[in-house]
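Structural characterization, general
Listed below, chain by chain, are the residues.
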Amino acid sequence: MNLKLEKRSGNACELCKSDQQISVYQVPPVGYSDNEIVVCKNCRSQIEREQEMDSAYWGFLSEAMWSEVPAVQVMAWRMLSRLKNETWAADNLDMMYLDEDMLAWAQSSSDHEGADDLAVHRDSNGNVLKNGDTVVLTRTLDVKGSSLNARMGTVVKNIRVVEDNTEQIEGKIDGQLIVILTKYLRKQA
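Along each chain, the written sequence defines residue order, and numbers are assigned to residues from 1. Local features are withheld for residues below a pLDDT of 70 in this predicted model, meaning they are given only at 70 or higher, and side-chain atom pairs are given and counted only at 80 or more; totals for whole chains, interfaces and linings count all residues. Side-chain measures here rest on the full set of heavy atoms in the structure, leaving out hydrogens and waters.

1. Focus on the overall build of the protein
Spelled out, the test is: The secondary structure listing takes helices from DSSP runs of H or I that are at least 4 residues long and strands from runs of E that are at least 2 residues long, numbered from the N terminus. Computation of the radius of gyration draws on C-alpha atoms, with the globule rule given as 2.2 Å multiplied by the number of residues to the power 0.38. Relative accessibility decides the category of a residue: with a 1.4 Å probe and only protein chains considered, values under 20% of the type maximum give buried, values over 50% give exposed, and everything between is partly exposed. Working rule for contacts: check all heavy atoms of both residues, and any pair within 4.5 Å makes them a contact.
Scanning the protein from N- to C-terminus turns up 6 helices and 12 strands. Against the compact-globule benchmark of 16 Å for 189 residues, the protein has a radius of gyration of 21 Å, which places it well outside the compact range. With the principal axes as the frame, the protein shows a C-alpha extent of 65 × 35 × 30 Å. Within the protein, the fraction of its 189 residues that count as buried is 39%. Of the contacts formed within the protein by residues at least 6 apart in sequence, a portion of 54% connects residues at least 24 apart.

This is the structure:
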């Protein structure tokens, strides 16, 4: 962490003010000056969608949105936009002002889109599926156009999500690439 960031942040997350497990985060896209902020692990994991959004956690945005640091304001706007279905977040968005350049920066990535706006693949138990996950079949499936019979309990490693259909993933069973419906599988822990 450079001295400028260290001094500005006071060695704490510039969003929630936590001093635990902090690191530098580059507010995308690259190309904007001073696009680095200090964030904690909890904020970062929700910003990067590695963890489910916890709307109760983000209450501090009503303070962070008034930061004098443009990158912090942009992140606050994006997170409030993701939470726009919450009354408090919508109210804060209505109060928040970003000039044209900062608003263009804030809208220049899909970070501000809420979970409802994004295609999310979920298994039969509601767990989020991502490329590279390992899943287990929850029932025996006959593969169309093949003599292959995929038995219940079969482990499918290194899956790929089908981008345009949240109900399907691709995986290899016995060396054959097949499309599997997400309602017939569960994510392996």
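2. Comments concerning the layout of surface pockets
Here is the rule we go by: Of the two site types, the cavity is a set of points on a 1 Å grid over the protein atoms alone where a 1.4 Å probe fits but cannot get out, and the pocket is an open set with protein on both sides within 12 Å along at least five of seven lines, each lined by residues with an atom within 4 Å of a point. Grid points are joined across faces, edges and corners, and a volume is the space filled by probe spheres set on the points.
Approximately 280 Å³ is the volume attributed to the second largest pocket. Lining the second largest pocket we find Leu141, Asp142, Val143, Lys144, Gln168, Ile178, Val179, Ile180, Leu181 and Tyr184. Those elements that provide at least two residues to the lining of the second largest pocket are β6 (141-142) and β11 (176-181). Top contributing element to the lining of the second largest pocket by residue count: β11, with 4 residues.

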